[in-house]
Amino acid sequence: MPSATDRLDFAPPRDAGSVRAFGLALLVHILLIAALTWGVNWKRSDQSVSFEAELWSSVPQAAAPKLVEAPPPPPPEPAPKAPEVKTTPPAPDVDIALEQEKKRKLLQQQKELEAQKALDKQKAEALAKKEKEKEKEKELKAKEEQAKRLAAQQEAKKLEAQKQARQQDADKQSQAAAQKQRQEALNRMMGLAGASGAPNASGTAQKSSGPSGSYGGKVRAKVKPNVVFTDDVAGNPTAEVEVRTTPDGTIISQRLVKSSGNAAWDDAVIKAIIRTGSMPRDVDGRVPTPMILEFRPKD
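Quick caveat, the model's predicted, so the values are computed rather than measured.

Novice: Please clarify how the pattern of salt bridges should be interpreted in this entry.
Specialist: Side chains that differ in sign of charge can pair as their charged atoms come close. Under the definition given, this model contains eight salt bridges. One salt bridge in this structure joins Glu242 and Arg244, with 3.8 Å as the shortest N-O distance. Of the charged contacts in the structure, one is a salt bridge between Asp284 and Arg286, with a shortest N-O distance of 2.7 Å. Residue classification places Asp284 among the partly exposed residues on the basis of a relative accessible area of 41%. Look at Arg286 and you get buried, because its relative accessible area is 18%. Shared partners join several salt bridges into a network, and the residues in it are Glu242, Arg244 and Arg255.

Given below as structure tokens:
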């Protein structure tokens, strides 16, 4: 809040010349009245002196008529007072210095205000820049965290897939081992008497020999009626199936060893062998096992 001194600094200068002018005018009027009074008295003194006489003789003389003093002329009316024109006296050096100091202070205050505004603007810009950098850093961290989560999810899926693959392999191996054990058990139970193979032989026949030339036709003749397949197949693809039987020809397993490329035909062949149940005996009364059978849809 501005002080009383500051308010006086901004107030218009006092009119000191009006008192001086009034005093001068009063002095002039007093001198004028004095001059008029002196003039009247001067005339009055001249008349009285002019009638004074000194008597030097004793000759009687008639007395002169008594002087009747004429009334003094009325004093002249004062001239109409001219309107007083107030002139602003030149400001003293002290006022000029105060005015200059006041202007200097105002200019300094304006400069300080502008400097403060510039500083506030710089601070605001720096703060906005800092906030923007923080936002970018947050976005970058969020993206990195999201990328890490995605990578972790993908790694978890990969590990799960590997685990499932290992489990499937283990299941296949377990099934194969179980199948092998079952087959070995069947072979032991069959106990072919009179087998002529070597000690390390893996066959199940009494002696090593192949099927006759007509045995394939017998097998096809027995299995083909059990094939149920009505699809139209391009070409004549071959499906190869390994069949294992007991010595009397009872089918104990069938396995697709080579696909025809047509899943429907492969499935129809496997189901036909299962329906057949047993294989015919060869000309020598034996049933070869294991045997690889080939099936074509157009044969």
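Okay, back to it.
Novice: It is not clear to me how the side chain of Glu240 should be interpreted in this structure. Could you clarify?
Specialist: Relative to the helices and strands, Glu240 is located in strand β1 (residues 239-245). For the buried residue Glu240, which engages in no salt bridge, the nearest side chain bearing the opposite charge is Lys258, 4.3 Å off. Other than its neighbours up to four places away in sequence, Glu240 contacts Arg255, Leu256, Val257, Lys258, Ile292, Leu293 and Glu294.

Novice: Which parts of the structure should I look at to understand the pairing of strand β3 (residues 291-295)?
Specialist: Walk down a regular strand and you will see the side chains alternate between the two sheet faces. Only one face of β3 is covered, namely the one carrying Met291, Leu293 and Phe295; the face carrying Ile292 and Glu294 has none of its residues buried. Two elements, β1 and β3, share five bridges in a ladder whose sense is antiparallel. Within β3, the position partnered with Glu240 by the bridge is Glu294.

Rules used in this analysis
Residue positions are given per chain, counting from 1 as you read along its sequence in written order. Given that the model is predicted, a residue must reach a pLDDT of at least 70 before its local features are reported, and side-chain atom pairs must reach 80 or more before they are shown or counted; all residues, however, enter totals for whole chains, interfaces and linings. The basis for every side-chain value is the complete set of non-hydrogen atoms in the structure, without hydrogens or water. Within this document, salt bridges are pairs made up of a side-chain nitrogen of Lys or Arg and a carboxyl oxygen of Asp or Glu, the two lying within 4 Å of each other. Only protein chains enter the calculation, and the probe is 1.4 Å; a residue is then buried if its accessible area is under 20% of its type maximum, exposed if over 50%, and partly exposed in between. Note on conventions: DSSP H or I runs of at least 4 residues are helices, E runs of at least 2 residues are strands, and numbering of each starts at the N terminus. The sign given to each residue is positive for Lys and Arg and negative for Asp and Glu; His and the chain ends receive no count. Only heavy atoms enter the contact rule, under which two residues are in contact if any of them lie within 4.5 Å. Only strands that DSSP links by at least two bridges are regarded as paired with each other.

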